[in-house]
Amino acid sequence: MIIESSNQVPRATLLKRFPLPRNLGVAPGSRIGPGKTWPAPAGAVRVKSFEIYRYDPDTGENPRLDTFEVDLDECGPMLLDVLFWIKNKVDTTLTFRRSCREGICGSCAMTIDGTNWLACLRSISDLATPATIYPLANMPVIKDLVPDTTHLFAQYAMIEPWLKSKTPAPEGERLQSPEERSQVDGYYECILCFCCTSGCPSHWWNGNRFLGPAVLLQAWRWLADSRDEAAGERLDTLEDPMRLYACHTILNCTRTCPKGLNPGKAIAEIKKMVVERRS
Amino acid sequence: MPDPAAKRPRPLSPNIQNYRPQLTSVLSVTNRITGLALSAGAVVLVLWLVSAATGPQAYAAVQGAIASWVGQVALLGFTFAFFLHLCGGIRHLVWDTVHGFELRAIYASGWAVVAASLALTVAAWTASLFMGG
Amino acid sequence: MDRRTMGSPLARAIGLGSARKGVKHWWAERVSAVALVPLTLWFAAAIIAHAGSDHAAFVAWLRTPLAAILMVLLLTALFHHTVLGLQVVIEDYMHSGAKFAAVIAVRLGCFALAAAGIVATLRITFGG
């Protein structure tokens, strides 16, 4: 089927996962063991199962997959409400990040039914049965659904995401025409939830060097800014077989962005700019 | 102070084991696999040319291998791989000009690549059967 | 190559720094791809037209100047594109020192195959 916007959940999927051995290339300490089932409270009528990735660093045990039976009549309409319900009513140790509960902070990004999205923006009615909830793909896990994004923010710091200018600061504002301002539309809205980077196979295999879609979109946001005077320097930092060119335009990024932005297009703009400055 | 996390490295959350195959990733890996298959096809092409340069007997041996049912199945596979890689490659060239990145265009061009590759494979083999007929 | 384990996250992210190259490889892959669109389509059409032909007919075809020129161009663009593509695949999945061995092997192999194909073509074209 044709997907028209990134919030669209496919009605039917041919494959839930790639037909590969479950533990192919998975380090022994990352293998997911069987978990326990937490039954629905007595008398629950509308019950839905949620398989949730659990990891407790204090036990030294491997991650496991717990099944929670949730009483939908007792909880709100979104996946984040389910997580709150479980934490309040069933298992207080369930750990996840959240803040704004309206898709602006990017804290509750996770892998939901096999694709990345924000728990606060995913309606329960759009979830599979059972729903599967994992921390953001390909991340070191601190606890349960909390990923360690240290490396991603270090990569973000590397592109120096601020306005760089050699011209002395003017008395008032740095002026920009409406057209120039519109060049960063679709890029400045990024909330750094890292759904895209976590869903990018190139970042899975080469994330130590490949910057990934989120950071490259941010890099383009500054390259596209008419007030910035460091384009050459920025392109020098980016032009590298891995940092930029490990992107093979797979476009899982654009498919998954919860803000409907287009990291794939931003990266194509950077590649075009690199070509333009050498010919 | 002892750090409990230092006892064992943090587990890595699953990537390809859990991430759902989508048209985007499936066509990308298909382009890669067909590229690898066509690299093997390029070796066959050279073998074929060298056999022809060697003489009629060597050429007949290679032609015989290609005409066998194994050879024909492989040739059919190469044909489909070739058209998939060709159409997928043209899609990439369009993207390189920063066009066709709307999600609807990504999906439409993706399915178009699949349909065109199937149609071209059928057309090529139909034409070949009539020519060789 | 992650040489630091206790270093700062930024040191790990920066690694060995930017190679300040990559566009040449990327561009050459595109240029060879553009060349291969007409060349491979010509080749596919020629194969269809000559399906099952015998040695004499094949040699006669490859002796026409157009076929010989296009075949040499095809082999050149094909193996150029192949070596660039395979190198990317190797660099994506191999991270040990074996990566360099694989890249060298692919480079030399593609050169050798291209040379063999071109020499075979020219031998047929100019052969007695």
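Each remark here, short or long, concerns the structure printed above.
The sections below set out a description of the structure shown in this document. (Residues numbered from 1 in each chain as written. Chains lettered and ligands numbered in written order. Predicted model: local features only at pLDDT ≥ 70, side-chain atom pairs only at ≥ 80, totals over all residues. Heavy atoms only, no water.)

This brings us to the overall build of chain C. Across its full length, chain C carries five helices and zero strands. Beginning at the N terminus, the succession of helices and strands in chain C can be written as α-α-α-α-α. For 128 residues, the compact-globule estimate of 2.2 N^0.38 gives 14 Å, and chain C exceeds it by more than 25% at 21 Å. Summarising its shape, the C-alpha atoms of chain C cover approximately 70 × 25 × 25 Å along the three principal directions. (Helix = DSSP H or I, 4+ residues; strand = E, 2+ residues; numbered from the N terminus. Rg over C-alpha atoms; globule rule 2.2 N^0.38 Å.)

Bringing the overall build of chain B into the picture now. Per the secondary structure count, chain B includes five helices and zero strands. Sequence-ordered secondary structure for chain B, helices as α and strands as β, is α-α-α-α-α. For a compact globule of 133 residues, the expected C-alpha radius of gyration is about 14 Å, and chain B comes in at 22 Å, more than 25% above that figure. Dimensions of chain B along its principal axes, counting C-alpha atoms only, are 80 × 40 × 25 Å. Here chain B holds 133 residues, and the buried ones make up 44% of them. The contacts in chain B between residues at least 6 apart in sequence include a share of 71% that link residues at least 24 apart. When the accessible area of chain B is evaluated, it comes to approximately 6,600 Å², of which 76% is carbon and sulfur surface. (Buried < 20%, exposed > 50% of the residue type's maximum accessible area, 1.4 Å probe, protein only. Contact = heavy atoms within 4.5 Å. Areas by Shrake-Rupley, 256 points an atom, 1.4 Å probe, with all protein chains shown as cover.)

This part takes up the interface of chain A and chain C. Contact residues are listed per partner, giving 23 residues for chain A and 22 residues for chain C. The contact between chain A and chain C buries some 2,000 Å² in all, and 58% of this surface belongs to carbon and sulfur atoms. Counting every contact that joins chain A to chain C gives one salt bridge. Salt-bridge contacts for D236 of chain A lead to R20 of chain C; the nearest nitrogen and oxygen are separated by 3.7 Å. The element best represented in the side of chain A that touches chain C is helix 2 (residues 150–158) of chain A, accounting for six residues. Taken together, the residues that form the side of chain A that touches chain C break down as nine nonpolar, seven polar and seven charged. (Buried area = accessible area lost by both parts, 1.4 Å probe. Salt bridge = Lys/Arg side-chain N within 4 Å of Asp/Glu carboxyl O. Nonpolar A, V, L, I, M, F, W, Y, C, P; charged D, E, K, R; others polar.)

Take a positive patch on the surface next. A grouping of R278 of chain A together with K21, K24 and R107 of chain C is seen on the molecular surface, where their side chains present a positively charged patch. Position of K21 of chain C among the secondary structure elements: in the loop between helix 1 (9–14) and helix 2 (23–49). (Patch = residues over 30% accessible without salt bridge, like charges linked within 9 Å, V, L, I, M, F, W, Y side chains within 5 Å. Lys, Arg positive; Asp, Glu negative; His and termini not counted. Charge placed at Lys NZ, Arg CZ, Asp CG, Glu CD.)

Here we take up a nonpolar patch on the surface. Residue and element names in this part refer to chain B. Judged by side-chain polarity, W69, V70 and V73 come together as a nonpolar surface patch covering roughly 380 Å² of accessible area. The residue V70 is located in helix 4 (residues 69–96) in this model. Taking the relative accessible area as the measure of exposure, V70 reaches 51% and is therefore exposed.

Our focus in this paragraph is the interface of chain B and chain A. Where interface size is given, it is often the accessible area lost as the parts come together that is meant. Counting residues at the interface gives 32 residues for chain B, matched by 58 residues for chain A. In this assembly, chain B packs against chain A so that about 4,300 Å² is buried in total across both faces, 60% of it on carbon and sulfur atoms. In terms of surface lost to chain A, no three residues of chain B exceed Q17, Y19 and R20 of chain B, which account for 19% of the buried area on that side. If you look at where chain B meets chain A, you find two salt bridges. The shortest N-O distance in the salt bridge between E4 of chain A and R104 of chain B comes to 3.0 Å. Our count for the contact surface shared by chain B and chain A stands at 25 residue pairs in polar contact (both at pLDDT 80 or more). Broken down by secondary-structure element, the contributors of at least two residues to the side of chain B that touches chain A are helix 2 (23–54), helix 4 and helix 5 (103–132) of chain B. Looking at the side of chain B that touches chain A element by element, the count peaks at six residues for helix 5 of chain B. (Polar contact = N/O pair within 3.5 Å; in protein donor to acceptor, adjacent residues only side chain to side chain.)

All names here are of chain A. If you walk across this open sheet you meet the six strands as 1-3-2-6-4-5, and the pairing is mixed. Each edge of the open sheet carries a strand with a single partner, namely strand 1 (33–38) and strand 5 (115–118). Here the strands of the sheet are splayed against their neighbours by 30° on average, with no regard to which way each runs. Judged from the four bridges that link them, strand 1 and strand 3 (residues 64–71) form a sheet pairing that is parallel. The partner of T37 across the bridge, within strand 3, is T67. Helix 1 (residues 79–89) rests against strand 2 (47–54), strand 3, strand 4 (109–112) and strand 6 (131–135) of the sheet, and its axis sits at about 95° to strand 3. (Pairing = 2+ DSSP bridges. Axes fitted to C-alpha atoms, helices over the stretch in contact; angles between N-to-C directions.)

Any functional reading would require information that these geometric values do not contain.
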